[in-house]
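# Fold and contact review
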Amino acid sequence: MLYPQTNAARTVVSLDGVWNFRTAGATDYPTEWTDAPLPEPMPMAVPGSYNDQNDETNLRAHYGWVVYQRTVEVPAALLKNSRAVLRFDAATHAADVYLNGEKLGSHKGGFLPFEFDVTDKLKAGSNLLAVAIDNRVNQSTLPVGNEGNVAFFGSDNAGIPSVEAGKQWALEHTPQNMPNFDFFNFAGLNRHVELYITPKSYIADIAVITKSIGGEGEPAVIGYDVTLGGEGAAPADVHVSIVDASGATVAEASGATAGDIEIPAAHLWNPGAAYLYTAVVTLADAGEEVGDEYRQTFGVRTIEVKGRQFLINGKPFYFKGFGKHEDSFFHGRGTDQVLNVKDVSLIHWLGANSFRTSHYPYAENMYDLCDREGIVIIDETPAVGMSWPQYTDKALFEHHSQVIRDMIARDKNHPCVVMWSIANEPWYDQGGEKSENALKYFTPLRDLVHEVDPQGRPATVVCCQNDYTKDLVTRTMDVVCLNRYYGWYNLSGNLDAACYALNVELDFWDEIGKPVMFTEYGADTVEGIHGTHGEMFSEEYQREYFARVDAEFDKRDWIIGEQLWNFADFSTIQGPMRVEGNRKGILTRDRQPKMAAHFLRDRWKAIPDFG
Ligand code: GCB
C-alpha cells in the first residue's frame, strides 16, 4: 500500500483537524451516531489519542467504543474521471467506518494503515464520515490484554478473599482495559486520515530492491516491481526514472512492470550518511485525461547476517540506541512531527544510530525522517504480551501473519529498516510441550518474514529475561535479541551480582554461536533523585548501571549492538511499580537528559558505527 502523495497525477486531501467525538458503550455504539450528526459532541483533535484531550471526562479510564465524526466537503472537479480512496494511517485498536450512513467496512489492529475505495460512494459537496473505534485488548488482540481486571503492573494479591471480591466487583461495575504490556493503552485516531484521488488506472504498489553494489561511486543494480490497478493499465505503459538527490535522472527503464536498472555511479545509503534516490514511476495515459505517477524514495544498500556479524553494505554494523515509544504529553500516541524531528535531533546528539519501534509499527512519517537522517530501525509488530495459551490459537496465528504481511508491505522500501521483529517478549521458557508449541508457532512466522520481504531482511523475536536453557525460539532467529534486567528486576541494586549473572548467561550465548544484541536493559530513574552511593531510582544508579553492563558487552566482539530501555520516560497504566509512568528513559518524558544520557553520549560518540 503506497503512502498517499500529491503529484502531477494525484491529490491528497487531509482530513486531520478537530472532529466531533463521543464515548459509547463497552461493547457497542448507537447506530444513529453513524448516519446523523452526533448529539452534544466534544471536540477531539486528529491525529491524537483521545485519552488526554479532555478533562471533564476521564478518558484515560474509558473502556470500549467511541465514535468520531466529521463532514468531508468534496469539490465536484476532484471526482471527475478519477478514483477516490479513504485512508486511515491507523485506528487503535479496531474500527468500523461509515460514509453517508453506509458501512464501508471494519479493520482490526491499531498500528497499520487501511483504506476503502469510495469512488462510487463519495458525493460532490458534503459527506458525513463516522468512525467507531474500540480500545479493548484481550487474548485475541495484538497487543494482548488480560481478561478479568488482573493488572500486569498492579497488585495481584490473589487468594485474599476480599481482594477477589473487589476484583469481581470492579469487573462488573468499572470494567477497565488490563494490558499485558507496559505502555498506556492510548487509543483513537492516532494518525493521519486522508482522502486521496488517483486516475482510474493507477500504480497500486512499487517495490525497490538493491540487487548488487560495489563501493561508493561504483555501479549498483536495483530491481523494481510495479503492481498496476484498475482497468486498461498495461505493462507497456510503465516508465521508471531513477532520480538522484540533485534532481538529475541517472537511469531509466520502460515497458515492463518489473526489471533491473543499473545506476552507473551509485551513492550508497549508510547509517549516519544517508543518500536517497527517487524512483519516479509513471503510467502513460491509458485513454484517460492523465496517466498516473508515483515518486518512491529508496536507498541503495544491502543487509546481510553473516556468521556472527550484521552487515550493512558488506561492513559489520554496531547498533547503538534504544527502544522508543510513540508517547508524549497531550498527544498520547498521536502523530506529532515536531516531536519526531526533536527525537531525531536527540538521537544525533546522543551519538546513537538506531532504535527499535517497540512495541508496534510507528507512523510512516518517522521512517521517512530516519531514511533521510541515516538512522537505523528494527521494525516491530504489535505482538507484545503473548503467552503459551496463544501458541495453539489458529485465529491469532492468522491475525499475526496478516500483521506481519501488512507491516512489511507498508515498510519494505525504507532503507532505514534493517530487521523485522516478530514479537516482543512472548513468554516461552516453560519447557516441555509449552516451549515446543512456541517453537511451532514462531518458526513459520520467521519463514513468512523471509518469504514476503522483497529485500530478504533478517527476522528476530525479542526475548524476555527467561530461563534461556528452555527457550527454544530465540536461538532459531537470525539475530538473538535479549531484553535483560540484571541489576533491576533481578539482583536488584547489586551491580556486582548482576554482572556475574550476566556473564554466566553470555557464556551460554557464546556457545550458541549467533550474533547477539541487547534490545532492552535499564533502570527506572526519577530525575532529581541523587545519592553519593547512588541507590536504585537515583540518576547515579542509572549511570553506573549502564557503565557496568556496557563494560561487559565490550569484552565480546560477537555482541552486535546495545539498545537500552528506554529513549525517554513514557506513560503506562497506573500501578505500584510506576510513578507517573515508566521512568527508564535516559531522557525525561519532556526530553531533558538525565545524568546517564551524558555518559552514553560520550560512550556512543567514541564507538564507530562500523567495527
Ligand atoms: C520489558 C518490556 C517493556 C517494559 C520494560 C520495563 O521487558 O519489554 O515493554 O517497559 O520491560 O521497564 O519493565
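Residues numbered from 1 in each chain as written. Predicted model: local features only at pLDDT ≥ 70, side-chain atom pairs only at ≥ 80, totals over all residues.

## Things to note about the packing of helix H4 (residues 337-349) against helix H5 (residues 364-373)
The interhelical angle for the contact between H4 and H5, taken along N-to-C directions, is 30°, at an axis separation of 10 Å. Crossing geometry of H4 relative to H5 is assigned as right-handed. Note on element contacts: H5 touches H4 through Asn365, Met366, Leu369 and Glu373, opposite Gln337, Asn340, Val341 and Val344. Residue composition of the contact of H4 with H5, grouped by class: four nonpolar, three polar and one charged. (Axes fitted to C-alpha atoms, helices over the stretch in contact; angles between N-to-C directions. Helix = DSSP H or I, 4+ residues; strand = E, 2+ residues; numbered from the N terminus. Left-handed = near helix turned anticlockwise from the far one by under 90°. Contact = placed C-beta atoms within 7 Å. Nonpolar A, V, L, I, M, F, W, Y, C, P; charged D, E, K, R; others polar.)

## Things to note about the UniProt feature "domain: Glycoside hydrolase family 2 catalytic" (unreviewed entry) in the protein
Under the UniProt annotation, "domain: Glycoside hydrolase family 2 catalytic" (unreviewed entry) lies at residues 303-607. The span residues 303-607 shows a helical share of 35% and a strand share of 17%, and its end C-alpha atoms are spaced 21 Å apart. (UniProt positions renumbered as here; feature names shortened; annotations may be inferred.)

## Let's talk about the environment of Met44
Note on placement: Met44 falls in strand S3 (residues 42-46). The spacing of Met44 and Gly188 is 144 residues in sequence and 9.8 Å in space, taken between C-alpha atoms.

## Description of the sheet that holds strand S27 (residues 459-463)
On the basis of which strands lie adjacent, the closed barrel formed by eight strands has the order S23-S24-S25-S26-S27-S28-S29-S30 and parallel pairing. On average, each strand axis in the sheet is tilted by 25° relative to the strand beside it, whichever way the strands run. Two strands pair when backbone bridges link them, and strand S23 (residues 319-323) and strand S30 (residues 559-565) are joined in this way by five bridges, in the parallel orientation. Looking at the pairing, Phe322 lines up with Leu564 of S30. (Pairing = 2+ DSSP bridges.)

## A word on the nonpolar core
By size, the foremost hydrophobic cluster in this structure holds 122 residues, and its most contacted members are Val67, Tyr68, Val131, Ile133, Ile377 and Ile422. If one sorts the elements of this core by residue count, strand S26 (residues 417-424) sits on top with six residues. Residue assignment places this core across two domains, with domain 1 (11-197) and domain 3 (304-606) each supplying three or more. Leaving out residues up to four positions away in the same chain, Val67 has contacts with Arg22, Ala24, Tyr29, Trp33, Leu38, Ala130 and Ala132. Core analysis: the second largest hydrophobic core is formed by 27 residues, Leu228, Val240, Val281 and Phe298 among them. (Core = buried A, V, L, I, M, F, W, Y, C linked by C-beta atoms within 7 Å. Buried ≥ 20, exposed ≤ 12 C-beta atoms within 10 Å, placed from the backbone. Domains from an automatic or database assignment.)

## Points about helix H9 (residues 539-553)
Here H9 spans 22 Å end to end across 15 residues, near enough to the 21 Å set by a 1.5 Å rise per residue. Inspection of H9 places Glu539, Tyr541, Gln542, Arg543, Tyr545, Phe546 and Val549 among the buried residues, and these make up the whole buried set. On its buried face, H9 is in contact with helix H8 (495-512), S30 and helix H10 (595-606). (Expected span 1.5 Å × (residues − 1).)

## Description of unusual backbone geometry
The omega angle of the peptide bond from Ser358 to His359 is -10°, so this bond is cis rather than trans. The residue His359 is located in the loop between strand S24 (354-356) and H5 in this model. The omega torsion across Trp565 and Asn566 is 10°, close enough to zero to call that bond cis. Note that Asn566 resides in the loop between S30 and H10. Even without a glycine there, the phi angle at Asn81 is positive, about 50°. The backbone of Asn313 sits at a positive phi, close to 50°, despite the residue not being glycine. By the element assignment, Asn313 lies in the loop between strand S21 (309-312) and strand S22 (315-316).

## Regarding the sheet that holds strand S20 (residues 303-306)
Within a beta sheet, neighbouring strands are joined by backbone hydrogen bonds and run either parallel or antiparallel to one another. Spatial strand order, S20-S21-S22: three strands in an open sheet with antiparallel pairing. Two strands lie at the open edges of the sheet, namely S20 and S22, each paired on one side alone. The pairing of S21 with S22 spans two bridges and is antiparallel. Bridging across to S22, Ile312 finds its partner in Lys315.

## Digging into the domain arrangement of the protein
Size of an interface, as often reported, equals the accessible area lost when the parts are brought together. Partitioning the protein into structural domains gives domain 1 (11-197), domain 2 (199-301) and domain 3 (304-606). Look at where the C-alpha atoms of domain 1 and domain 2 centre, and you get two points 36 Å apart.

## Some thoughts on the packing of helix H6 (residues 394-411) against helix H7 (residues 432-452)
Packed helices, taken two at a time, are described by their axes: the angle between them and the distance between them. Orientation of H6 relative to H7, taken along the N-to-C sense of each, is 25°, at an axis distance of 10 Å. Relative to H7, the element H6 lies roughly parallel. Helix-helix and strand crossings are classified by hand; for H6 and H7 the assignment is right-handed. From H6, Phe397, His400, Ser401, Ile404, Arg405 and Ile408 reach across to H7, where they touch Tyr441, Leu445, Leu448, Val449 and Val452. Its residues assigned to classes, the contact of H6 with H7 shows eight nonpolar, two polar and one charged. (Parallel < 35°, antiparallel > 145°, perpendicular 65-115°, else oblique.)

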